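Below, each chain spelled out in residue letters.
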Number of protein chains: 4
Amino acid sequence: MAEKVFLVIGAGAGIGGHAAMRFAQGGYHAVLARRSDEAGLAKLVDAIEEAGGMASGTLLDAAADGTIEELVERVERDIGPIHAVLYNLGAQIGSRTLADTPHRTFELGWRLGCFGLFRLAHALTPHMVARGSGTILVTSATAAVRGNAGQHSHAAAMGARRMLCQTLNAEFAPQGVHVAHVVVDGSVDAPDTLGKLLGDRFEGYKASKGDDGVVDPAALAETYWHLAHQPRNCWSHEVDVRPFTDVPWWNDNPNPGIDTRPK
Amino acid sequence: MAEKVFLVIGAGAGIGGHAAMRFAQGGYHAVLARRSDEAGLAKLVDAIEEAGGMASGTLLDAAADGTIEELVERVERDIGPIHAVLYNLGAQIGSRTLADTPHRTFELGWRLGCFGLFRLAHALTPHMVARGSGTILVTSATAAVRGNAGQHSHAAAMGARRMLCQTLNAEFAPQGVHVAHVVVDGSVDAPDTLGKLLGDRFEGYKASKGDDGVVDPAALAETYWHLAHQPRNCWSHEVDVRPFTDVPWWNDNPNPGIDTRPK
Amino acid sequence: MAEKVFLVIGAGAGIGGHAAMRFAQGGYHAVLARRSDEAGLAKLVDAIEEAGGMASGTLLDAAADGTIEELVERVERDIGPIHAVLYNLGAQIGSRTLADTPHRTFELGWRLGCFGLFRLAHALTPHMVARGSGTILVTSATAAVRGNAGQHSHAAAMGARRMLCQTLNAEFAPQGVHVAHVVVDGSVDAPDTLGKLLGDRFEGYKASKGDDGVVDPAALAETYWHLAHQPRNCWSHEVDVRPFTDVPWWNDNPNPGIDTRPK
Amino acid sequence: MAEKVFLVIGAGAGIGGHAAMRFAQGGYHAVLARRSDEAGLAKLVDAIEEAGGMASGTLLDAAADGTIEELVERVERDIGPIHAVLYNLGAQIGSRTLADTPHRTFELGWRLGCFGLFRLAHALTPHMVARGSGTILVTSATAAVRGNAGQHSHAAAMGARRMLCQTLNAEFAPQGVHVAHVVVDGSVDAPDTLGKLLGDRFEGYKASKGDDGVVDPAALAETYWHLAHQPRNCWSHEVDVRPFTDVPWWNDNPNPGIDTRPK
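Residues numbered from 1 in each chain as written. Chains lettered and ligands numbered in written order. Predicted model: local features only at pLDDT ≥ 70, side-chain atom pairs only at ≥ 80, totals over all residues. Heavy atoms only, no water.

Draft legend 1. Just the overall build of chain A, in detail. Helices and strands together make up the secondary structure of chain A, namely 8 helices and 7 strands. In terms of overall dimensions, chain A has a C-alpha envelope of 70 × 40 × 40 Å along the principal axes. Counting only residues that meet the buried cut, chain A has 63% of its 263 residues in that class. Nonlocal contacts in chain A, meaning residues at least 24 apart in sequence, comprise 74% of its contacts between residues at least 6 apart. About 9400 Å² of surface is accessible on chain A, with carbon and sulfur atoms providing 51% of the total. On chain A, the mean spot of the 23 positive side-chain charges and the mean spot of the 30 negative ones are 4 Å from each other. (Helix = DSSP H or I, 4+ residues; strand = E, 2+ residues; numbered from the N terminus. Buried < 20%, exposed > 50% of the residue type's maximum accessible area, 1.4 Å probe, protein only. Contact = heavy atoms within 4.5 Å. Areas by Shrake-Rupley, 256 points an atom, 1.4 Å probe, with all protein chains shown as cover. Lys, Arg positive; Asp, Glu negative; His and termini not counted. Charge placed at Lys NZ, Arg CZ, Asp CG, Glu CD.)

Draft legend 2. Layout of the interface of chain B and chain A. Taken residue by residue, the interface counts 39 residues in chain B and 39 residues in chain A. Overall, the association of chain B and chain A removes approximately 3000 Å² of surface from exposure, summing both partners, and the carbon and sulfur fraction of that is 71%. In this assembly, chain B and chain A are joined by 2 salt bridges. For the pair chain B and chain A, the number of links is 14 residue pairs in polar contact (both at pLDDT 80 or more). Take the side of chain B that touches chain A: its biggest share by element is 13 residues, from helix 5 (residues 152-172) of chain B. (Buried area = accessible area lost by both parts, 1.4 Å probe. Salt bridge = Lys/Arg side-chain N within 4 Å of Asp/Glu carboxyl O. Polar contact = N/O pair within 3.5 Å; in protein donor to acceptor, adjacent residues only side chain to side chain.)

Draft legend 3. Region of the structure containing the packing of aromatic side chains. Tallying each qualifying case throughout the model produces 52 aromatic pairs over all chains. Considering the side-chain rings of Phe115(B) and Phe118(B), the 5.9 Å spacing of their centres and the 15° angle between planes classify their relative orientation as stacked. One end of the pair, Phe115(B), and the other, Phe118(B), are both in helix 4 (residues 103-131), 3 residues apart, so they sit about a helical turn from each other. Taken together, a centroid distance of 5.7 Å and an interplanar angle of 85° make the contact between Tyr28(C) and Trp225(C) edge-to-face. Here Tyr28(C) is found in the loop between helix 1 (15-25) and strand 2 (29-34), whereas its partner Trp225(C) is found in helix 8 (residues 217-228), with 197 residues between them in sequence. Residue classification places Tyr28(C) among the buried residues on the basis of a relative accessible area of 5%. With relative accessibility at 16%, the residue Trp225(C) sits in the buried group. One aromatic cluster is present, built from ring pairs that chain together Phe106(A), Trp110(A), Phe115(A), Phe118(A), Phe106(B), Trp110(B), Phe115(B) and Phe118(B). (Phe/Tyr/Trp six-rings, centres within 6.5 Å; stacked < 30°, edge-to-face > 60°.)

Draft legend 4. The relation of the copies chain D and chain A, seen in detail. Screw-axis analysis of chain D against chain A gives a translation of 0.0 Å along the axis, an RMSD of 0.0 Å, and a rotation angle of 180°. On the angle and the small slide along the axis, the relation comes out as a two-fold axis. For chain D, the smallest separation between a C-alpha atom and the rotation axis is recorded for Val239(D), amounting to 2.6 Å. Of the interface residues in chain D, 100% have counterparts in chain A that sit at the interface too, so the contact is made through matching surfaces. (Least-squares fit on C-alpha atoms with pLDDT ≥ 70 in both.)

Draft legend 5. Local environment of the environment of Val138(B). Tracing the chain through its elements places Val138(B) in strand 5 (residues 134-141). When the C-alpha positions of Val138(B) and Met54(B) are compared, they lie 22 Å apart, and in sequence the two are 84 residues distant.

Draft legend 6. Local environment of the relation of the copies chain B and chain A. Between chain B and chain A, the superposition needs a rotation of 180° and an axial shift of 0.0 Å, giving an RMSD of 0.0 Å. Mapped onto chain A, 100% of the interface residues of chain B again fall at the interface, so both copies present the same surface.

Draft legend 7. A look at the pattern of salt bridges. Residue and element names in this part refer to chain D. One pass over the full model with this rule turns up 68 salt bridges over all chains. The partner of aspartate 192 in a salt bridge is arginine 34, and the shortest N-O contact between them spans 3.3 Å. Within this pair, whereas aspartate 192 is found in the loop between strand 6 (177-184) and helix 6 (194-198), its partner arginine 34 is found in strand 2 (residues 29-34), the two being separated by 158 residues in sequence.

Draft legend 8. Local environment of the side chain of Gln151(D). With respect to the secondary-structure elements, Gln151(D) resides in the loop between strand 5 (134-141) and helix 5 (152-172). The residues touching Gln151(D), leaving out its near neighbours within four places in the chain, are Thr167(C), Gln92(D), Gly94(D), Ser95(D), Arg96(D) and Ala156(D).

Draft legend 9. Representation of the environment of Trp110(D) within the structure. Mapped onto the elements, Trp110(D) comes out in helix 4 (residues 103-131). Note: C-alpha distance between Trp110(D) and Ala156(D) (46 residues apart in sequence) is 7.3 Å.

Draft legend 10. Representation of the pairing of strand 4 (residues 82-87) of chain D within the structure. All names here are of chain D. Most of strand 4 is tucked away: 5 of the 6 residues are buried. Across 5 bridges, the pairing between strand 1 (residues 5-9) and strand 4 is parallel. Opposite valine 5, over in strand 4, you have isoleucine 82 as the bridge partner. For strand 4 and strand 5, the ladder comprises 4 bridges, and the chain directions are parallel. Following the sheet pairing, tyrosine 87 is matched in strand 5 by valine 138. For the handedness criterion, the β-α-β arrangement of strand 4, helix 4 and strand 5 is classed as right-handed. (Pairing = 2+ DSSP bridges. Right-handed = clockwise from strand over helix to strand, strands pointing away.)

Draft legend 11. Inspection of the interface of chain D and chain A at higher detail. Contacts between the two partners involve 34 residues from chain D, matched on the other side by 34 residues from chain A. Where Asp212(D) meets Arg232(A), a salt bridge forms, and the shortest distance between an N and an O atom there is 2.7 Å. Along the contact surface separating chain D from chain A lie 20 residue pairs in polar contact (both at pLDDT 80 or more). Per-element tally for the side of chain D that touches chain A: the top contributor is helix 8 (residues 217-228) of chain D, with 5 residues. Residue composition of the side of chain D that touches chain A, by class: 16 nonpolar, 10 polar and 8 charged. (Nonpolar A, V, L, I, M, F, W, Y, C, P; charged D, E, K, R; others polar.)

Written out as structure tokens, the structure reads:
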């Protein structure tokens, strides 16, 4: 049995894969779960093992009933105690008007973005509380703190998740479980998510952002590592990240419509 | 056909009933929809008519598929144009630990608190946009802005709804539809909701809060009226309300644990 | 002696003047205070009197020591009880880099934007508390909730003021004093402030915003009236306003840099 | 000349001293500045040197004109480039009613809490921008995000500072300067600040909070180190910290006044 497990729900080649690599390098057995593409999954597991770490991969249909629960129980039973988990799922579908957001889509956004985290917490917190410690990291989005046009499904799901992270933190932090909600306020160099959304425009997009213009998932993984190892007397619950050239969500674009500088 | 309709989704004797009365007194035909208790519904309709206003009542199972949509179409077709709607539903179930929050309960909270609003907006915004104007008022809760212990279902649903209100506002305000998210940060003198939750402790609770210690739903109705009639050059999107003696959600209790006053 | 006084600190022809007119029409004796332009002040007072209301005007150098205090005492003594006050001062100087923001400018922003409100509260709350009631309205800005580039002085002053409004509310709401912080998240048709900043570009700017594209100060005055007359069981502390076509501060521009709609 | 300097403005034995130790252990020359107690300062410097690091100490009256500016220039000229600075000053005076908050006290809170940071940024950003990189860390407080009763001076100063951190970030992040606003939402084991405020009640207070019940400044120093070394493609601007048993500022106390659990 592994001494400690790091479970990644949504382990693509971007954030999830890099987080798994980082925690494996730190001595965790990384369990990578993703919905499809076994070959891509195997690539990630192999890379970790080649670097000297321990890893396993498994396909997971997080939207289906019982799957997340079964995975948690299986890992706890067969691999080792899940000391830290990264919930790295969302359902960003691009910009759609309300009329173009089908009911089913709106619901799926909630199932993946929020309900899955609820189910994960249900399954895992009893284990973590019994051990008196644990970390639940959530890769979240700016949509959790403000709702842009065209983002009905995504923002509602993210807003739900953010409040759930607060209720989970309120109940479980005093019991030793660190819940951290990470607002990724910028594009990430993630081929399996943003890359898929943009298709062949991905490379050109990254080039247009300039050096260090998109989040390097290895850098975010380092921040996840830091959060998961903060002593319990100094825990952060909400952290934002963005590339240095990105305008924070709360700011206007640097070129507002009217020039108010004194002449 | 009525010149203008005010539709209340969730018309109990508290906020919904009083809002319906206020808008009816202002010349709207008030349509009151609630899940059960036809007698209570009839009482509200009668009170409005006795006061000289126009009103209709209808039972509505908002959680069931197609019901909200059917109601909107029926009202628009048979009664008149819905110039303003109040979404007054939630699913506050009291304080429950995560372990005591069944999956079905968590989902129902979302269906009533958020998905119902999404469905209402889907059905109603085409009408309002065609008319170039309309108001969507949402009675919301502090749980929309922070998640307390024991509030997993309610806070997640309210957080979702708050972000949905922002995405709806982003898409529809420029098209003339005023979306207002009202955070009721305090107890309301509402027999059908808080009264039901507290049972025979309700009167004693109100007495313990003192004069003006709970929100008078008639006062809130006045604020709803104001919001619904703000000229479109001066619209408020988010408004908080509370009794003057209530500690705002962002503050600590007035008696913090440690006395830091200089001796 | 007047039965009730509405004091406006910063009574230009825009927000302050219109608020004074509204309250005067509601039976208050409006006292208008501004830094300069006695002729403009007299025009506002005359307009109120011609409309049948009561008003007085006075010049006030709010940044100077003792002036706000003296004004409050003089009004309470000679005109009547100040039931409501509108603090309508700021020090928006346009967009300046840090290097172009002199220390003196930064400090003046704080003196007018925050310290003046502190002094006003010091002078006035004893009177309001003795009466068991009162309203302190503050015309604030988006800069109170987020700091844009070039806004060092203004945002710091507004951020200070917003927190001061919360501390004042925490101490005085239970004593019957309603403190309301109004975030004006858009341009106002105000010749003495925005008009002065833009000079001859003002009319063109308003035209470019389209019908109802800037806040009509008469509409905002109506919201101030509503806030000042909310029953104390249903008080709002923070309210935002903007024209329906303005993008709320929390949203991105409607034309984000990358088109993420599915093809 | 040192290769890189870490300047601490407000280097007491708690947060400032521990941060200085951590950065010195990471190869920085730590410059510790505090208002008084040269002996205490020397102790901190000695501890760093005994542990193998480089450090200097200097007295600094941050409220006085020109002092912060002179210090920055002196360090840049005589010791080395200030790659990172920690602004660790505030003016928490305990809980005071408005009537018991003298004007001078309110202003001093702003001078130390906000204006000092403005002056520091004025002096230091030209150097950091010329180098294309730098970090400005600010130890902040919950008072920056909400204003409790009795906190007029402190909250106004912290609210100002938070907005200033946003404007500084907006202007300088794209130029390579990382600005991070850290909300310390809990008590810190800091003898020179909280210890001084509580006097002989300090030890008893810490004991009453239980194990890991107050922030260990060494743990916070580790988070400061992490923030200062995030790659510029993944910068955090605002981070909260608290002990795991502390109730986050946004939550109610765990024992709300009314038991709403179903019977």
